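What the coordinates show
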Amino acid sequence: MKTITTTPDLAAFCAEAAKHPYVTVDTEFLRERTYYSKLCLIQLAYNGDGNDDAVLVDPLAEGLDLDPLYALFEDAGVVKVFHAARQDLEIFYVDRGIIPAPLFDTQVAAMVCGFGEQAGYETLVRKIAKASVDKSSRFTDWSRRPLSDAQKAYALADVTHLRVIYEYLAAQLEKTGRKKWVAEEMAVLNDPATYQTDPADAWKRVKTRTSSGKFLSIVRELARFREAYAQARNIPRNRVFKDDAMIEIASTKPASEKDLGRSRLLLREARKGDIAQGILAAVKAGQEVAPEDQPKTDPRREKLQVNPALADLLRVLLKAKADEKNVAQKLIATSSDLDALAGGLRDVPALRGWRKEVFGADALRLCDGQIGLAVKGEKVVTYEIG
């Protein structure tokens, strides 16, 4: 098991990898105590059948420059293969503003090829590579040096088995004509916006039960402050204050540190100092937002009258279609998509792109009241209604 700790060695490996059609990539990182992931290890392999074609790269080694790796990531002649790529890609994008391309995510491909919802790497190793993964090193501290042989073996297996998985899935996609299905899903991972967190938009991730513009204005300002504070200090946003505390603050509208002291959910450290002042300023700013500038929820969904019987029929239809096409249900439609369709909306992801071929036409007929569905035994049958 070779571990690369110098830039010349990394350059030599990447130059050899560039001669091959693909390279498999994985990372090990820590994020429990930081806002941004701390990259601790990079695993790379090009097509072959042994460990001689795979290496570990130690980004913590003094003087190591990742430029040769980023050049390989930008080489259009080499497919970069990841499994569940989003967090890995975020690390590279934050570090250098680069998204490897062309990109292939085996988790997405596995869902398209009928391996279920969010197929795990171990499952694919077992079913496709006919091997097993030693889990004993999964939750180790990857920042500590030296790495043990067990850690190295575990890390290397994340890219060696991935070669077999990639080749199998790529062949299946070619055979079934579903390459464009994966390509549409890859568009999200290829979009820089996926890895950019704008504090001004942070409030959209906070779940609330109200659509009040005044309330949401305070939530928006609190979320903006928390995100900017966490980014600047590289700490997890929940270390500043949690969502439930944010909702409580937006409801009680504290005006002083004394008011903050009465909070049931706010961390003690947040009741004074910089965080407390930031909270109070955010509450004040939120209260001063003009009505026309207040956040607004989608009025169509607010007034959505979901027909529960129709939504249930759509769920039956979705399962039938997913089973028929041997594709994961969540790739075709989500529960919110189905509720939107049952409420009469048509601008939903389930009716776009390849999903429409699989699900959309029947869904439209169903929602327009032309057909219904019934289950007889294990068979799904249709009948005319209206």
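Residues numbered from 1 in each chain as written. Predicted model: local features only at pLDDT ≥ 70, side-chain atom pairs only at ≥ 80, totals over all residues. Heavy atoms only, no water.

As for the pairing of strand β5 (residues 79–82)
Two strands pair when backbone bridges link them, and strand β2 (residues 22–30) and β5 are joined in this way by three bridges, in the parallel orientation. Of the residues in β5, the one forming a bridge with tyrosine 22 is valine 79. Both β5 and strand β6 (residues 103–105) contribute to a ladder of three bridges, which runs parallel. Following the sheet pairing, phenylalanine 82 is matched in β6 by aspartate 105. In the classification by handedness, the crossover that spans β5, the intervening helix α3 (residues 86–96) and the parallel β6 is right-handed. (Pairing = 2+ DSSP bridges. Helix = DSSP H or I, 4+ residues; strand = E, 2+ residues; numbered from the N terminus. Right-handed = clockwise from strand over helix to strand, strands pointing away.)

Details of the nonpolar core
Counting 95 residues, the largest nonpolar core has Ile42, Leu44, Val57, Leu169, Leu314, Ile332 and Phe359 as its most contacted members. Broken down by element, the residue count for this core peaks at nine residues, all from helix α6 (residues 149–176). In this structure leucine 169 touches Phe104, Thr106, Ala109, Ala110, Cys113, Phe115 and Ile128, once residues within four positions along its chain are discounted. Val206, Phe225, Ile275 and Val283 belong to the second largest nonpolar core, which has 29 residues in total. (Core = buried A, V, L, I, M, F, W, Y, C linked by side-chain atoms within 4.5 Å. Buried < 20%, exposed > 50% of the residue type's maximum accessible area, 1.4 Å probe, protein only. Contact = heavy atoms within 4.5 Å.)

Some words on the environment of proline 100
Relative to the helices and strands, proline 100 resides in the loop between α3 and β6. Given a relative accessible area of 0%, proline 100 falls into the buried group. Measuring from C-alpha to C-alpha, the distance between proline 100 and valine 112 comes to 21 Å, with twelve residues separating the pair along the chain.

Section: the packing of aromatic side chains
In the structure shown here, the tally under the stated rule is 13 aromatic pairs. Each ring, one from phenylalanine 225 and one from phenylalanine 241, has its centre 6.4 Å from the other, and the planes form 20°; the classification is stacked. Taken as a pair, phenylalanine 225 in helix α8 (residues 213–233) and phenylalanine 241 in the loop between α8 and α9 (243–252) lie far apart in primary sequence, 16 residues in all. Each member of the pair, phenylalanine 225 as well as phenylalanine 241, carries the same accessibility label: buried. Linked through ring pairs, Tyr22, Phe104 and Tyr166 together constitute an aromatic cluster. Taking the ring centre of tyrosine 229 as reference, the NZ or CZ of arginine 233 above it sits at 3.7 Å. (Phe/Tyr/Trp six-rings, centres within 6.5 Å; stacked < 30°, edge-to-face > 60°. Lys NZ or Arg CZ within 6 Å of the ring centre and 35° of its normal.)

Some words on the packing of helix α15 (residues 335–342) against helix α16 (residues 353–367)
Helix-helix packing is characterised by the crossing angle of the two axes and by the distance between the axes. Where α15 contacts α16, the two axes come as close as 10 Å, and the packing angle between them is 40°. Here α16 runs oblique to α15, going by the angle between their axes. Only Phe359, Ala363 and Cys367 of α16 make contact with α15, whose side of the interface consists of Leu338, Leu341 and Ala342. Grouping the amino acids of the contact of α15 with α16 by side-chain chemistry returns six nonpolar, no polar and no charged. (Axes fitted to C-alpha atoms, helices over the stretch in contact; angles between N-to-C directions. Parallel < 35°, antiparallel > 145°, perpendicular 65-115°, else oblique. Nonpolar A, V, L, I, M, F, W, Y, C, P; charged D, E, K, R; others polar.)

Looking at the state of the cysteines
Scanning all chains against the criterion turns up zero disulfides. No disulfide involves cysteine 14; its sulfur sits 19 Å from the nearest other cysteine sulfur, which is in cysteine 40. Taking relative accessible area as the criterion, cysteine 14 reaches 5% and is therefore assigned buried. (Disulfide = S-S within 2.5 Å.)

Observations regarding the layout of surface pockets
Of the pockets and cavities examined, the largest pocket occupies roughly 930 Å³. Around the largest pocket, the lining comprises 28 residues; the ones closest to its centre are Thr27, Glu28, Phe29, Arg138 and Tyr154. Contributing elements (two or more residues each) for the lining of the largest pocket: β2, α3, α5 (121–129) and α6. The element best represented in the lining of the largest pocket is β2, accounting for six residues. Of the residues that constitute the lining of the largest pocket, the class distribution is ten nonpolar, seven polar and eleven charged. One number sums up the size of the second largest pocket: a volume of about 500 Å³. Contributions of two or more residues to the lining of the second largest pocket are made by α4 (106–112), α7 (179–190), α14 (329–332) and α15. If one sorts the elements of the lining of the second largest pocket by residue count, α7 sits on top with four residues. When its residues are assigned to classes, the lining of the second largest pocket shows ten nonpolar, five polar and seven charged. (1 Å grid on protein atoms, 1.4 Å probe; cavity = no way out; pocket = protein on both sides within 12 Å on 5 of 7 lines; lining within 4 Å. Points joined across faces, edges and corners; volume = space filled by probe spheres on them.)

Regarding α5
Turning to α5, its buried residues number three or more, namely Tyr121, Leu124, Val125, Ile128 and Ala129. Projected down its long axis, α5 carries its buried residues within an arc of 105°, all on one side. Its buried side turned inward, α5 meets α4 and α6. (Arc of directions from axis to C-beta.)

Some points on the sheet that holds β6
Across the sheet, six strands lie side by side as β1-β4-β3-β2-β5-β6; this open sheet has mixed pairing. Single-partner strands in this sheet number two, and they are β1 (2–4) and β6. Averaged over all adjacent pairs, the angle separating strand axes in this sheet is 30°, with direction ignored. Of the strands in this sheet, β1, β3 (38–46) and β4 (54–57) touch helix α1 (residues 7–17), which is tilted by about 40° from β3.

Nothing here speaks to function; it is geometry throughout.
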